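Fold and geometry: a report
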Amino acid sequence: QQQVKQSPQSLIVQKGGISIINCAYENTAFDYFPWYQQFPGKGPALLIAIRPDVSEKKEGRFTISFNKSAKQFSLHIMDSQPGDSATYFCAASRVPTAGTGRRALTFGSGTRLQVQP
Amino acid sequence: NAGVTQTPKFRVLKTGQSMTLLCAQDMNHEYMYWYRQDPGMGLRLIHYSVGEGTTAKGEVPDGYNVSRLKKQNFLLGLESAAPSQTSVYFCASSRTSGRAGAYEQYFGPGTRLTVT
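Scope of this entry: the structure provided in the associated data block. (Residues numbered from 1 in each chain as written. Chains lettered and ligands numbered in written order. Predicted model: local features only at pLDDT ≥ 70, side-chain atom pairs only at ≥ 80, totals over all residues. Heavy atoms only, no water.)

1. What about the state of the cysteines?
The final tally for this structure, using the stated rule, is two disulfides over all chains. With its sulfur 1.9 Å from that of its partner, Cys 23 of chain A forms a disulfide with Cys 90 of chain A. On the sign convention where negative is left-handed, the bridge of Cys 23 of chain A and Cys 90 of chain A, at about -95 degrees about the S-S bond, is left-handed. Of the two residues, Cys 23 of chain A sits in strand β3 (residues 19-25) while Cys 90 of chain A sits in strand β9 (residues 86-94), which places them 67 residues apart along the sequence. Taken as a pair, Cys 23 of chain A and Cys 90 of chain A share a single burial class, namely buried. Here Cys 23 of chain B connects covalently by a disulfide to Cys 91 of chain B, the sulfurs 1.9 Å from one another. On the sign convention where negative means left-handed, the S-S torsion of about -75 degrees between Cys 23 of chain B and Cys 91 of chain B marks this disulfide as left-handed. Here the residue Cys 23 of chain B occupies a position in strand β3 (residues 19-25), and Cys 91 of chain B occupies one in strand β9 (residues 87-94), the gap between them amounting to 68 residues. Grouping residues by exposure puts Cys 23 of chain B and Cys 91 of chain B together as buried. (Disulfide = S-S within 2.5 Å. Helix = DSSP H or I, 4+ residues; strand = E, 2+ residues; numbered from the N terminus. Buried < 20%, exposed > 50% of the residue type's maximum accessible area, 1.4 Å probe, protein only.)

2. Let's talk about the sheet that holds strand β6 (residues 56-59) of chain A
Pairing between sheet strands relies on hydrogen bonds along the backbone, with the strands arranged either parallel or antiparallel. Residue and element names in this part refer to chain A. Pairing within the open sheet is antiparallel, and its five strands lie in the order β1-β3-β8-β7-β6. Since the sheet does not close on itself, it has two edges, and those belong to β1 (4-7) and β6, each with one partner. The sheet shows a mean angle of 15 degrees between the axes of neighbouring strands, direction not considered. With four bridges connecting them, β6 and strand β7 (residues 62-67) associate as antiparallel partners. Across the sheet, the residue bridging to Lys 57 is Ile 64, located in β7. (Pairing = 2+ DSSP bridges. Axes fitted to C-alpha atoms, helices over the stretch in contact; angles between N-to-C directions.)

3. As for the pattern of salt bridges
All names here are of chain B. A full pass over the atoms with the stated rule returns five salt bridges over all chains. The shortest N-O distance in the salt bridge between Arg 36 and Asp 38 comes to 2.9 Å. Using a relative accessible area of 8% as the deciding quantity, one classes Arg 36 as buried. The network of salt bridges with shared partners includes Arg 36, Asp 38 and Arg 44. (Salt bridge = Lys/Arg side-chain N within 4 Å of Asp/Glu carboxyl O.)

4. Here's the deal with a nonpolar patch on the surface
Residue and element names in this part refer to chain A. There is a patch of nonpolar side chains on the surface, built from Ile 18, Ile 20 and Met 78 and spanning about 240 Å² of accessible area. Counting through the fold element by element, Ile 18 comes out in the loop between β2 (10-14) and β3. Owing to a relative accessible area of 47%, Ile 18 belongs among the partly exposed residues under this scheme. (Patch = residues over 30% accessible without salt bridge, like charges linked within 9 Å, V, L, I, M, F, W, Y side chains within 5 Å. Areas by Shrake-Rupley, 256 points an atom, 1.4 Å probe, with all protein chains shown as cover.)

Coordinates in, geometry out; function isn't part of it.
Put into structure tokens, the structure is as follows:
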């Protein structure tokens, strides 16, 4: 059961354009939604994250839009640059399982972004 | 700080062989995780640890064992490797769980394992 569905699988954008990656989730208990960026041969690194009490969060050229009623969130990369070419993963986590204190991350399947110069 | 390191970086095993992947972190994090990454499937949690001497199963634990004898190290073992375990393995660590967003998972560079 895929709890976080991510699209598209791959994306090609021209330099200066807007990249948009979408995710949808099923579990209404999720309350933390991070995006991770992964360059080839490297591990994922946190890019930006949002909680469901806000509808948008912006950090530089990166913006998360969140729609709680639709159970969807998206990453927008403004003025996309060749250096943004990477794989992007959305993820979600929920309140820790009772007794464990652990916040598990459920990842989407990833989007390979290519920004052409 | 080196952050999260993993050894080895690459390994080729024959079916039935065993091996151990080592993860080390120098950030004094309580929580450590092992994920596997397969094309089109994102990252899936294998096992995790909430502290020294404690481990628990994640989403896809079958065929793997783990140990956390020291706070800074988390070992992933494959007792009898199978071709289905061909994957890229990532270790991650984080601070203790708190309010949403109060922690971030820091990932190592990965180990690419091929089982023939």
